[in-house]
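Chain residues, written in single-letter form:
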Amino acid sequence: MDTELGYSIIPLAILGGAIRVSTPFLFVSLGEALTERSGRINLGLEGTLVFGAMSGYAVAYLTNSPWLGVGAAMICGALFGLIHGVICSLPRVNDIAVGIAMMILGMGLAFYFGKPYVQPVAPDLPAIGFGWWSDIPQVRAALEVNVLFLIGAVLAVVLWWMLRSTRIGLILRVVGDSTDAARAMGLRPAVVRTCATAVGGAFAGVGGAYLSLYYPGSWNEGISSGQGLMAVALVIFARWNPLACFGAALLFGGAGALGPVLQSVGISEGYYLFFAAPYVLTLGVLIATSSPTRAMTGAPGELSITK
Amino acid sequence: MTAIGVETLGMTMRFGAFTALDNCSIKIAPGSFHALLGENGAGKSTLVKCMMGFYQATAGQMLVDGREARITDPKAAHARGLGMVYQHFTLVPSLTVAENLVISREDVPNVIDWRAERLELQAFMAGMPFQLPLDQPVRTLAAGEKQKLEILKQLYLGRRFLILDEPTSVLTPDEADEVLSHMRRLCQEGAISVLMITHKFREVTAYADEVSVLRRGKLVGGGKVADLSHDDMAALMMGDAQLARPADRSGTRGAPVLELDGIRAVDRTGLKDIEVDGLRVHAGEIVGVAGISGNGQSELMEILTGQRPCQSGEIRVNGRAYTASRTEAQSHNIRFLPEEPLFNACAPRMSVSDNIGFRSFDTDGGFWLSRRKMRARAETLVRQFKVKTTTIDAPISALSGGNVQRAVLARELSGEVDLLIISNPCFGLDFSAVSEIRARIMTARNEGAAVLIMSEDLDEIMELTDRVLVMSEGRVTYEATTAEADIASIGHHMGGHA
């Protein structure tokens, strides 16, 4: 490889990598943002993500249609969310504890049912090449953008608009901010929260399908490296705003792409360290946005972690 | 919009064997401003909850505009034009004023056309006695503005009979006067009728046309406000119960005990600064800090209890630097009574006896706790301070607000006290509990303790303190001896426009 081109391609490669790596972050964080806006936290999304990856891959392989795979992952994710939501609606149940249980359950079930699908090859999701204007293969490769990423970007805008200008959006915010006010309005907070958790789970399922059907593009037990958990930190960083979630997902994606990109241009020193970039970033973000004396602005008032 | 009249006939509400409301008939004429007086537990809330359909009365009926109305739930009450403004805000803090108003409507469209809604809201606001910024999140509004918004919301929803539950408990005197005089004008114009629950005689005399007084669930009197004096109302409310009178002031002012110099800290939002300089509290005096909530009093309390770090400045107690550690508090005999003591000064699920032991459990015994001593101490204090609890082993969260307050006060006032720091000690308590707690504070002062008291209740400050300070926007903006202080200028300083 031409070293000259090699170094100048780094920013572009990171951008391309960011787009590739960020999609699961984007879907999980949008789902989590929705759930948290309703006043509940679902830590089980890591399990939902892995199960979504497995179910999406399996269905895509069996039907030979990646989109049916995505649909299946979405339905499974919604089911996981629904279970979490219903259990949390019972009195004296802690959403964080249920979330951790759901995370382990999701991963366990995915590994159990996923065994037969480690070998077979499922069809990939389609991507659109935005690099047609360039002759350089690396540029073209970097600008291959998956359709799901574009859907995710549109979804972020739609969610932002929904929270602002629709009845459902306002109801969600009321429920997330004050259970008392919601009850006084005759709303049923538990139902709203359960629905929000189910939809959030569906988003996370789609994020999982992206992992197994596009990047890295195969099903194995190590497919998720904690994206589902990092997305929770990301939502806090994004202040529960879907548009900010999009930016934050790109940032985390970029950090995740750092290791592979540097490796591809031949920088191998401290290479494991770069792979740790997203985790370090998570830690950094949480420290930077925390304060012992200040209340967090923008946090939904009913959220158990910020109460 | 025309006001409607409401009348209850023989309203009775029983909870098991307990009669909360006994054969209560009151009549609120259309366009009148009616006050409902009574101590805590007198049945005021039960009555209005029956009227609003939160409770189903055991017996009795209700007339709305002269016709019998069966109010089965709050929705039915709303449909008939009855609305209620609660003591605790039911606004959604992170939503803007406009969003709060629109979402409270029954018929919110699926997609909200904000441009059209805004035009409508502006037109509505223009016709109202007070205006509010539509685009501000409610969380950034002052308490008075929130209260106004609660009332606006009811008017926006087309309610023509408003029940106000202690609407001025969180307002400055100026704000209270403003809100109530607007309500009165709306009544006089015949737009609404108002039923106001209150403790404050002044507001009854100044704004209400008629008054009804409840005691122990029974209607014990009432009539035209013009015919009743404050003493008449107090006599009706209290019956023949005797109030503990605060002890007279005695003793002389001693040396400064608490000194604060150049204190700077950030407030809860992290956006504003708290700056307190040259605050002194001497032995044998009570210094009061008045102010509307959210102007830095809670933060000052947190600084003194060690819950909030200071960026700079110095706190000295008895001339020595003080960092709010437990050892220092013990050696200087500093005691605290924070607001909402159940959450700020108790472990809610631990027993009354354990909670009372918090000040002394580590000095009473060695490595092992002396259960016997702790229980003996708790028994004595519970008796002395008349804490009503089934046993001292009951979790303290099972006690009523006044009794939690008494239990904490018992713990904090036992033994020698040199410095007592208090925040809103009587918030939400009934008359007898209030006067008893104030008497205890006065006694501590007379025995030579330095007392710093932060309170949103100006009457309390005027009654108890020797010196009064006003905090506004995180700074002390006013200081005077209580004897020379005048309510009007304190009120202006509280409102931040002096």
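Residues numbered from 1 in each chain as written. Chains lettered and ligands numbered in written order. Predicted model: local features only at pLDDT ≥ 70, side-chain atom pairs only at ≥ 80, totals over all residues. Heavy atoms only, no water.

Within chain A, the regular secondary structure consists of 14 helices and 2 strands. By the compact-globule yardstick of 19 Å for 307 residues, chain A fits well, its C-alpha radius of gyration being 20 Å. Along the three orthogonal principal directions, the C-alpha set of chain A runs to about 65 × 45 × 35 Å. Buried positions account for 54% of the 307 residues belonging to chain A. (Helix = DSSP H or I, 4+ residues; strand = E, 2+ residues; numbered from the N terminus. Rg over C-alpha atoms; globule rule 2.2 N^0.38 Å. Buried < 20%, exposed > 50% of the residue type's maximum accessible area, 1.4 Å probe, protein only.)

Turning to the nonpolar core, a few remarks are in order. Ranked by internal contacts, the top residues of the largest apolar core, which has 134 residues, are W219(A), F33(B), I151(B) and M183(B). The element that contributes the greatest number of residues to this core is helix α2 (residues 10-37) of chain A, accounting for 10 residues. Beyond its immediate sequence surroundings of up to four residues, F33(B) is in contact with L180(B), M183(B), R184(B), C187(B), V194(B), M196(B), Y207(B), A208(B), D209(B) and E210(B). Ranked by size, the runner-up nonpolar core spans 36 residues in total, among them V382(B), I392(B), L413(B) and C426(B). (Core = buried A, V, L, I, M, F, W, Y, C linked by side-chain atoms within 4.5 Å. Contact = heavy atoms within 4.5 Å.)

All names here are of chain B. Enumeration over the complete set of coordinates arrives at 2 cavities of 30 Å³ or more. In this structure, the largest cavity spans a volume of roughly 50 Å³. As for the largest cavity, its lining consists of D267, K272, D273, I274, G294, N295, G296, E299, E473 and G474. Residue composition of the lining of the largest cavity, by class: 1 nonpolar, 4 polar and 5 charged. Here the second largest cavity defines a volume of roughly 30 Å³. What lines the second largest cavity is V170, L171, T172, G291, I292, S293, E456 and M494. Broken down by class, the residue content of the lining of the second largest cavity amounts to 4 nonpolar, 3 polar and 1 charged. (1 Å grid on protein atoms, 1.4 Å probe; cavity = no way out; pocket = protein on both sides within 12 Å on 5 of 7 lines; lining within 4 Å. Points joined across faces, edges and corners; volume = space filled by probe spheres on them. Nonpolar A, V, L, I, M, F, W, Y, C, P; charged D, E, K, R; others polar.)

Attention shifts here to the layout of surface pockets. Looking at the second largest pocket, its volume works out to about 650 Å³. If you go around the second largest pocket, you meet 28 residues; those closest to its centre are A184(A), M185(A), G186(A), S104(B) and E106(B). For the lining of the second largest pocket, the residue count by class is 13 nonpolar, 6 polar and 9 charged.

Let us now look at the pairing of strand β4 (residues 33-37) of chain B. All names here are of chain B. Burial runs high along β4: 5 of the 5 residues are buried. As paired strands, β4 and strand β9 (residues 193-198) are joined by 5 bridges and run parallel to one another. Within β9, the residue paired with A35 across the bridge is M196. In this structure, β4 lies alongside strand β10 (residues 210-215), joined through 4 bridges in parallel fashion. The partner of H34 across the bridge, within β10, is E210. (Pairing = 2+ DSSP bridges.)

This part is about the packing of helix α8 (residues 167-177) of chain A against helix α10 (residues 189-213) of chain A. Residues and elements named next belong to chain A. Put simply, α8 and α10 touch, their axes get as near as 10 Å, and they point 115 degrees apart. Overall, the two elements α8 and α10 adopt an arrangement that is roughly perpendicular. Classified by chirality, the crossing of α10 by α8 is left-handed. Listed contacts from α10 to I171, L172 and V175 of α8 are P189, V192, R193 and A196. Residues of the contact of α8 with α10, tallied by class, amount to 6 nonpolar, no polar and 1 charged. (Axes fitted to C-alpha atoms, helices over the stretch in contact; angles between N-to-C directions. Parallel < 35°, antiparallel > 145°, perpendicular 65-115°, else oblique. Left-handed = near helix turned anticlockwise from the far one by under 90°.)

Looking now at a nonpolar patch on the surface. On the surface, a cluster of nonpolar side chains totalling about 590 Å² of accessible area is made up of V154(A), V157(A), V158(A), W160(A), W161(A), L243(A) and V111(B). Tallying contributions element by element places helix α7 (residues 147-165) of chain A first for the nonpolar patch, with 5 residues. Tracing the sequence through the fold places L243(A) in helix α12 (residues 242-264). (Patch = residues over 30% accessible without salt bridge, like charges linked within 9 Å, V, L, I, M, F, W, Y side chains within 5 Å. Areas by Shrake-Rupley, 256 points an atom, 1.4 Å probe, with all protein chains shown as cover. Salt bridge = Lys/Arg side-chain N within 4 Å of Asp/Glu carboxyl O.)

With that out of the way, let us pick up the packing of aromatic side chains. By the definition in use, this model includes 11 aromatic pairs over all chains. Arranged with centres 5.5 Å apart and planes meeting at 45 degrees, the rings of Y210(A) and Y214(A) form a pair that is tilted. On the accessibility criterion, Y210(A) (1% relative accessible area) is buried. Residue classification places Y214(A) among the buried residues on the basis of a relative accessible area of 14%. Above the face of the Y215(A) ring, R20(A) is positioned so that its terminal group lies 5.2 Å from the ring centre. Across from the ring centre of F385(B), 3.9 Å away, lies the NZ or CZ of R440(B), which sits over that ring. (Phe/Tyr/Trp six-rings, centres within 6.5 Å; stacked < 30°, edge-to-face > 60°. Lys NZ or Arg CZ within 6 Å of the ring centre and 35° of its normal.)

Taken together, the 17 residues of chain A in the interface contact 21 residues of chain B. Together, the buried faces of chain A and chain B total about 1800 Å²; carbon and sulfur atoms form 62% of this surface. Linking R173(A) and E99(B) is a salt bridge whose minimum nitrogen-to-oxygen distance equals 3.0 Å. The tally of links from chain A across to chain B stands at 5 residue pairs in polar contact (both at pLDDT 80 or more). For the side of chain A that touches chain B, the secondary structure elements donating two or more residues are α7, α8 and α9 (179-184) of chain A. By residue number, the principal contributor to the side of chain A that touches chain B is α8(A), which donates 6 residues. Of the residues in the side of chain A that touches chain B, the class split is 8 nonpolar, 4 polar and 5 charged. (Buried area = accessible area lost by both parts, 1.4 Å probe. Polar contact = N/O pair within 3.5 Å; in protein donor to acceptor, adjacent residues only side chain to side chain.)

In this section: the packing of α7(A) against α8(A). All names here are of chain A. Across the interface, α7 lies against α8 with an axial gap of 5 Å and an inter-helix angle of 75 degrees. Between α7 and α8, the angle is such that the two are roughly perpendicular. The segment α7 lies against α8, with M162, L163, R164 and S165 engaging R167, G169, L170, L172 and R173. Among the residues forming the contact of α7 with α8, the class breakdown is 4 nonpolar, 2 polar and 3 charged.

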